[in-house]
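# An overview of the molecular structure
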Amino acid sequence: MEDMNSSSMHIVMLPWLAFGHILPFTELAKRIARQGHRVTLFSTPRNTRRLIDIPRDLAGLIRVVDVVLPRVEHLPEDAEASIDLPSNDLRPYLRQTYDAAFTAALSDILQAPSRPDWVITDYAAHWAPEAAARHGVPCAYLSLYSAAVLSFFGPAEALMGRGEHAKTSPEQLTEVPDFVPFPTTIAYRGHEARQMFRPAAIQDASGVSELYRSGKSIDASQIVGIRSSRELEPEWLQLLGELYRKPVMVDDESEVFGVKAKELASVFGDDELNDQYVRDFLRCLSEYYSRHQSGPAQGSTVLE
């Protein structure tokens, strides 16, 4: 691979199979491409047809790779996204087929003569950072959840069910964690905690829990990107960097609702500001690679 200070990067992106994940990843791919970098975006044939529209001027920089999902018992024949499932109880089987197909697809591109410079992964692809590291390619975890939500669940080891902050019962979700150093009311109500605990924290038919997937992705990645902004939740972003002990970059494309819409509209509606966050994120990727290009990607970078 060439020195990324003098050339563009090639970035592989692995969104989870849900509309609310594929669309933001696709939008980020476009913004990255507009900065002059090449992107390979993994999806499935049906999701590509439904959701992914690459502008003609970016067609030479964004390549969409359709990954065919293997048949898995319990899943409807055309199920390629969470919206296609008649019941949330079938989500583990969608994750199961996602793991099988996308692990193989990532392996193929990592073994290609011209392997990518970075892999950007969603929460579900918990296997991606270690797979990329085996080929000397660093990985960035991109979270579509806010820094406040991620901070509430604690460090990566807690998400994986280990350590003093692991969530082992629904009741633990109803209290503000003791590592939050500032006043906040963020916590689940009792019925909310009970509804989300089993599908999120308990191992399912895919072999791991949803929280474990997030924790493993965070722990094994070199950089964590958050779909947020310093203007919206500065204290949570700082706390998250301390919990993860990694650089935490930010980006947000979301619409703004609620009583503070007017104040926040200048932040979220500012296209140049959003592009600046993307530039900051890309600069972090480039600087990390430049420091570590002499050897394979290992460990993580400590927040300074």
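Being a predicted model, the structure only gives us computed values, none of them experimental.

Thresholds, definitions, all that
Residues numbered from 1 in each chain as written. Predicted model: local features only at pLDDT ≥ 70, side-chain atom pairs only at ≥ 80, totals over all residues. Heavy atoms only, no water. Helix = DSSP H or I, 4+ residues; strand = E, 2+ residues; numbered from the N terminus. Contact = heavy atoms within 4.5 Å. Areas by Shrake-Rupley, 256 points an atom, 1.4 Å probe, with all protein chains shown as cover. Core = buried A, V, L, I, M, F, W, Y, C linked by side-chain atoms within 4.5 Å. Buried < 20%, exposed > 50% of the residue type's maximum accessible area, 1.4 Å probe, protein only. Salt bridge = Lys/Arg side-chain N within 4 Å of Asp/Glu carboxyl O. Phe/Tyr/Trp six-rings, centres within 6.5 Å; stacked < 30°, edge-to-face > 60°. Lys NZ or Arg CZ within 6 Å of the ring centre and 35° of its normal. Patch = residues over 30% accessible without salt bridge, like charges linked within 9 Å, V, L, I, M, F, W, Y side chains within 5 Å. Lys, Arg positive; Asp, Glu negative; His and termini not counted. Charge placed at Lys NZ, Arg CZ, Asp CG, Glu CD. Axes fitted to C-alpha atoms, helices over the stretch in contact; angles between N-to-C directions. Parallel < 35°, antiparallel > 145°, perpendicular 65-115°, else oblique. Nonpolar A, V, L, I, M, F, W, Y, C, P; charged D, E, K, R; others polar. pLDDT = per-residue confidence, 0-100. Pairing = 2+ DSSP bridges. Right-handed = clockwise from strand over helix to strand, strands pointing away.

## Details of the overall build of the protein
- Counting its regular elements, the protein contains 11 helices and 7 strands.
- A sequence separation of at least 24 residues applies to 68% of the contacts in the protein between residues at least 6 apart.
- Accessible area of the protein: about 14,400 Å², with a carbon and sulfur share of 48%.

## Comments concerning the nonpolar core
- Ranked by internal contacts, the top residues of the largest apolar core, which has 59 residues, are Leu14, Phe42, Tyr98, Phe102, Leu106 and Val119.
- With 9 residues, helix H3 (residues 91-110) is the single largest residue contributor to this core.
- Excluding residues within four positions of it along the chain, Leu14 makes contact with Phe25, Phe42, Tyr98, Phe102, Leu106, Val119, Ile120, Thr121, Asp122, Ala125, Trp127 and Ala128.
- By size, the runner-up hydrophobic cluster in this structure holds 29 residues, among which are Ile32, Val39, Leu41 and Val278.

## Some points on unusual backbone geometry
- Look at His74: it is not a glycine, yet its phi comes out positive at around 90 degrees.
- Relative to the assigned elements, His74 resides in the loop between strand E3 (62-66) and H3.
- Taking the relative accessible area as the measure of exposure, His74 reaches 46% and is therefore partly exposed.
- Positioned with a positive phi, Arg245 is a non-glycine residue whose angle comes to about 50 degrees.
- Take Arg245: it is sitting in the loop between helix H9 (234-244) and strand E7 (248-250).

## What about the environment of Leu211?
- Residue placement: Leu211 occurs in helix H8 (residues 210-220).
- Residue classification places Leu211 among the buried positions, given a relative accessible area of 13%.
- Expressed as a C-alpha distance, the spacing of Leu211 and Ala158, which sit 53 residues apart in the sequence, is 8.9 Å.
- Non-local contacts of Leu211, meaning those with residues more than four positions away in its chain, are made with Phe153, Leu159, Ala200 and Ala201.

## Quick notes on the pattern of salt bridges
- Counting across every chain of the model gives 13 salt bridges.
- Salt-bridge contacts for Arg31 lead to Glu27; the nearest nitrogen and oxygen are separated by 3.7 Å. Of the two residues, Arg31 and Glu27 are both situated in helix H1 (residues 19-34); the distance of 4 residues between them amounts to about one turn of the helix.
- Accessibility expressed as a relative area gives 27% for Glu27, which makes it partly exposed.
- For Asp280, the salt bridge is made with Arg283, and the minimal N-O distance between the two is 3.2 Å.

## As for H8
- Extensive coverage of H8 is indicated by the burial of 9 of its 11 residues.
- For H8, the complete set of buried residues consists of Glu210, Leu211, Arg213, Ser214, Gly215, Lys216, Ser217, Ile218 and Ala220.

## A look at the packing of aromatic side chains
- One pass over the structure, following the stated rule, counts 10 aromatic pairs.
- Ring geometry for Trp16 against Tyr98: centres 5.2 Å apart, planes inclined by 85 degrees, an arrangement best described as edge-to-face. Of the two residues, Trp16 sits in the loop between strand E1 (10-14) and H1 while Tyr98 sits in helix H3, which places them 82 residues apart along the sequence.
- Among the aromatic side chains, those forming a connected cluster through ring pairs are Trp16, Phe42, Tyr98, Phe102, Tyr123 and Trp127.
- Sitting above the plane of the Phe152 ring, Lys167 keeps its charged end 5.0 Å from the centroid.

## Regarding a negative patch on the surface
- The grouping of Glu157, Glu164, Asp178 and Asp219 at the surface amounts to a negative patch.
- By relative accessible area, which is 68% here, Asp178 ends up exposed.

## Some details on the packing of H1 against helix H11 (residues 271-292)
- Remark: H1 packs on H11, axes separated minimally by 10 Å, with the N-to-C direction vectors making an angle of 80 degrees. With respect to each other, H1 and H11 are oriented roughly perpendicular. Of the residues in H11, those touching H1 at Leu28, Arg31 and Ile32 are Asp271, Asn274, Asp275, Val278 and Leu282.
- Taken together, the residues of the contact of H1 with H11 sort by class into 4 nonpolar, 1 polar and 3 charged.

## Some details on the confidence of the model for the protein
- In the predicted model, the protein carries a mean pLDDT of 87, and 87% of its residues have values of at least 70.
- Contacts from residues 295-304, a stretch scored under 50 in pLDDT, to residues over four places away or in other chains number 27 contacts.

## Comments concerning the pairing of E3
- Sheet topology places strand E2 (residues 38-43) next to E3; 5 bridges connect them, and they run parallel. Considered in E3, the bridge of Leu41 is made with Val64.
- On the question of chirality, the crossover connecting E2 to the parallel E3 by way of helix H2 (residues 45-51) is right-handed.

## Let's talk about the side chain of Ser82
- You can see Ser82 is positioned in the loop between E3 and H3.
- Contact partners of Ser82, with chain neighbours within four places excluded, come to Leu17, Ala18, Arg91 and Leu94.

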